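# Chain and residue survey
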Amino acid sequence: MKKVLTILLTFVTGVSLFADEGMWLPSLIGQRISDMQEKGFRLTAEDIYNINEASLKDAVVLFGRGCTGELVSSEGLLLTNHHCGYSQIQKHSSVEHDYLKDGFWAMSREEELPNKGLTVSFLERMEDVTPIILKGYETGMTEARRTELVKKNSKALIEEVTAPGKGLRATVEALYYGNQYFLFLYREYSDVRLVGAPPSSVGKFGGETDNWMWPRHTGDFSIFRIYADKDNNPAQYSADNVPYRPKRYLKISTKGVREGDFTFIYGFPGRTQEYIHSEGVRYIEEISDPHKIGLRTLRLEIMNRHMGQSQKVRIQYSSKKAGVANAWKKWQGEMKGLKKMKTVSVKQEYEKAFDRWAQGGEFDGVVGKLNATYKELEPYSFATDYVNETVRTIEVANFASSIAKLFKKEGKTVSFDAEKASELTGTFFKDYYQPIDQESFAAVMDEYDINVPEEFKPEYFRKEMKKYGSTEKWADALFGKTIFTDRSKVEKLIADAADPKKAPKAFKTVYSDPATVFNGEFMEWYVKDIRPVVTRLNADLQLTYRDYMRGQMVYSRTQRIAKDFYPDANLTLRVAYGHIKGYSPCDAVYYRPSSTMKGIIQKDNPEIFDYNIPQRLRDIYASRDFGPWTDESGEVPVCFIATNHTTGGNSGSPVMNADGELIGLNFDRVWEGTMSDLVFDPEICRNIALDIRYVLFIIDKLAGADHLLEEMGVTYKIQN
């Protein structure tokens, strides 16, 4: 263990020779601080991360379970992306109050809207707990026993550190494929209220056409407020709660940005695989991404057609569509980037050299074992991808399964959670449109039939296809017979199931319903025939990667290869730093690093939903009533790009300048650089951020919410 830790520490402390790549642990940022300062940073490591005094980490939160947010006032005011708050905005929207279309601004605390289920988490501390987690480990222990040991020791440690309560939660995360373990202790707040959001024509300007693209002109922000009890502790929603008082909040800079300026991002990147074997990359590039793109294309075409015909359906499916389309477009850029960089062949050459070096030593055979395991895993991964992108996307089947799970049967006695069922039913039918679900069923299940090998199809699927002859006829039968597309029938079922005398019959009704049967048959087959193999082979990969990761570190050291090893992202707090910089995506083209409102007006088109800006914005531009929110050219800045290494989860992350002041909100990457989850190219990989001056401009000129500017410490007096 001491040998492993020594290797790790050796390779995370070296100064990077690769421009601006890396996602660094804040608690170890002292090992990077000299490089940051050489590149322009003017603060200290203690300013970034300190558990004894307030530091920048105390102004950053995990927003929900997949975004980042930052505190910008002494009264719990929080900024994140519009797309991060999108589901909350959508839930509050209706045809009568279409906050997606019109935006929402609370002009008083009483108007702020609560959001059930939404949480924000502050990191209290992180620490290396490898010796604690591996206590009891013995050389030669099987991977299964080691896994159980890690779970046991992690559980004990988590229970110990969260014992005081007060909203504490903790996780133990494996770094470097289990060569190192870190504890992350959070304080979680659950009373989080919507304060403001621009209309989608600002917050999602450009829609899916502009998504992942540069130049970008999207005002991707929303505003929330954290509430606490009178002692500033986490508390469930209550009218008696008061605004949270943060240990630290960010100062806003309106000085603007210029090419070459130092920037750094503080946030929760979701998942990267920078050290993945070539076979893993090949599967993603040549098989997984193309098939998933094709399946999602079918679903998006169906959604778009129906959403274009009805405002109600557009509201119902806006958030769902965004969730489908985001990865769909990202995968397209990822494939293109991997091919352009010849990532598979580059990794293969590296692996050949590593394998020659490893012969006869501790790491002999590691590359070959990874290669063989990936070959065995591939058809099972393909089957899993297809289940996830077809079976698991059928809304009515998921709903039926959720209701079925609320039954408990012990002998002849049947009980049922009617309250939870009613809640699920209300949520489901609020945003459900059967024609989209039914057409999607026929489309994706047809692709399942065409592309999945016969030996990886359940017998249930074969029987249904033989019975109906086509997925369209199967869909007609399933959706025609199920009760789960009819709210009145579901509500009657819930009422019957709540009656102990009628519950057994209701139980049989649910479990014999074709939507429940569809989901149950597929899941039973998957759990029995596919998942055990996937689990076993992934465990083999994990074990081999642990050696390969350590081997790469030794190989780089002994061969004097200039390379830093930062841990892959896993939705834990990280620091990424770089600078404002344009890029050249192809021959004879260079993109400058900043966009302005001039580009919004150039794209404005009332005929196209994604480009139809509010008339008020047109009027403001025509009169050039910009206030102080302009750059040197007299235009309102909108977005900028930089070389910070980011991924999903960094949405909403604060982008700060050399003095730790907020200059923007991270929200995307350029399309040509989306392969950065697997391989980072400093020449092409750029993160896209919303300029904080555009946020202030929208709050000022479009919303007229001067009270928010004052709360954020922006002294400009609005002139009406």
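Residues numbered from 1 in each chain as written. Predicted model: local features only at pLDDT ≥ 70, side-chain atom pairs only at ≥ 80, totals over all residues. Heavy atoms only, no water.

## Here we look at the state of the cysteines
This model, assessed by the stated rule, comprises 1 disulfide. With no disulfide of its own, Cys-586 lies closest to Cys-685 among cysteine sulfurs, the gap being 16 Å. (Disulfide = S-S within 2.5 Å.)

## Quick notes on the pattern of salt bridges
Using the criterion set out here, one finds 54 salt bridges in the structure. With its nearest N and O atoms 2.6 Å apart, the salt bridge here joins Asp-604 to Arg-618. Residue Asp-604 is located in the loop between α22 (597-603) and α23 (615-623), and its partner Arg-618 is located in helix α23; the two are separated by 14 residues in the primary sequence. According to the relative accessible area criterion, Arg-618 is buried, its value standing at 18%. Through salt bridges that share partners, Asp-20, Arg-32, Asp-35, Lys-39 and Asp-564 make up one connected network. (Salt bridge = Lys/Arg side-chain N within 4 Å of Asp/Glu carboxyl O. Helix = DSSP H or I, 4+ residues; strand = E, 2+ residues; numbered from the N terminus. Buried < 20%, exposed > 50% of the residue type's maximum accessible area, 1.4 Å probe, protein only.)

## Looking at unusual backbone geometry
Here the amide bond leading from Trp-214 into Pro-215 is cis, since omega sits at 5°, within 30 degrees of zero. Even without glycine at this site, Asn-232 takes up a positive phi of about 75°. For Asn-232, a relative accessible area of 14% translates into the label buried. Of note, the phi angle at Arg-560 is positive, near 55°, even though the residue is not glycine. In this structure Arg-560 comes out as exposed when scored by relative accessible area, which is 77%.

## Regarding the packing of aromatic side chains
Counted under the stated rule, the structure contains 54 aromatic pairs. With 4.1 Å between their ring centres and 10° between their planes, Phe-399 and Phe-428 make a pair best called stacked. You can see Phe-399 sitting in helix α14 (residues 395-404) and its partner Phe-428 sitting in helix α15 (residues 418-430), a full 29 residues away along the chain. Phe-399 gets classed as buried once you look at its relative accessible area, which sits at 5%. Arranged with centres 6.0 Å apart and planes meeting at 65°, the rings of Tyr-460 and Trp-474 form a pair that is edge-to-face. (Phe/Tyr/Trp six-rings, centres within 6.5 Å; stacked < 30°, edge-to-face > 60°.)

## Structural notes on the side chain of Ser-676
With respect to the helices and strands, the residue Ser-676 is situated in the loop between β19 (662-669) and β20 (687-691). Within polar-contact distance, the side chain of Ser-676 engages the side chain of Arg-669 at 2.8 Å. In contact with Ser-676, not counting residues within four places along its chain, are Glu-274, His-645, Thr-646, Arg-669 and Cys-685. (Polar contact = N/O pair within 3.5 Å; in protein donor to acceptor, adjacent residues only side chain to side chain. Contact = heavy atoms within 4.5 Å.)

## Regarding the packing of helix α19 (residues 487-498) against helix α20 (residues 503-512)
Look at α19 against α20: their axes get within 7 Å of each other, and the N-to-C directions meet at 140°. Taken as axis vectors, α19 and α20 run oblique relative to one another. α20 is crossed by α19, and the crossing has left-handed handedness. The residues of α20 that touch α19, namely those facing Leu-493, Asp-496 and Ala-497, are Ala-503, Ala-506, Thr-509 and Val-510. Taken together, the residues of the contact of α19 with α20 break down into 5 nonpolar, 1 polar and 1 charged. (Axes fitted to C-alpha atoms, helices over the stretch in contact; angles between N-to-C directions. Parallel < 35°, antiparallel > 145°, perpendicular 65-115°, else oblique. Left-handed = near helix turned anticlockwise from the far one by under 90°. Nonpolar A, V, L, I, M, F, W, Y, C, P; charged D, E, K, R; others polar.)

## A word on helix α24 (residues 692-703)
The end-to-end C-alpha separation of α24 is 15 Å, in line with the 16 Å expected for 12 residues at 1.5 Å each. Of all 12 residues in α24, 11 are buried; the element is thus mostly enclosed. Within α24 the residues assigned to the buried category are Ile-692, Arg-693, Tyr-694, Val-695, Leu-696, Phe-697, Ile-698, Ile-699, Asp-700, Lys-701 and Ala-703. The N-cap residue of α24 is Asp-691: its side-chain oxygen and the backbone nitrogen of Arg-693 are 2.9 Å apart. Directly after α24, the chain includes Gly-704, whose backbone phi takes a positive value near 65°. (Expected span 1.5 Å × (residues − 1).)

## Quick word on α23
Taken together, the buried positions of α23 are occupied by Leu-617, Arg-618, Ile-620 and Tyr-621. Looking down the long axis of α23, one finds its buried residues gathered within 160° of arc, a one-sided arrangement. Buried residues along α23 sit in contact with α8 (200-203), α22 and α24. A positive backbone phi angle near 55° is found at Arg-624, which sits one or two residues after α23. (Arc of directions from axis to C-beta.)

## Notes on the confidence of the model for the protein chain
Looking at the protein chain, the pLDDT average stands at 94 and 97% of residues meet or exceed 70. Within the model, pLDDT remains below 50 along residues 9-18, and this stretch shows 24 contacts once partners closer than five positions in the same chain are excluded. (pLDDT = per-residue confidence, 0-100.)

## So, the sheet that holds strand β15 (residues 574-579)
Overall, antiparallel pairing links the 7 strands, which are arranged β15-β12-β18-β19-β20-β17-β16 in an open sheet. What marks the edges here is a single partner per strand, and that holds for β15 and β16 (594-596). Taken over all neighbouring pairs, the strand axes of this sheet differ in orientation by 30° on average, direction set aside. Relative to β20, strand β17 (residues 637-642) runs antiparallel, the two being bridged by 4 bridges. Paired with Cys-639 across the two strands is Leu-690, which belongs to β20. Strands in contact with α24 are β17, β19 and β20; relative to β20, the strand with the most contacts, it is inclined by about 35°. (Pairing = 2+ DSSP bridges.)

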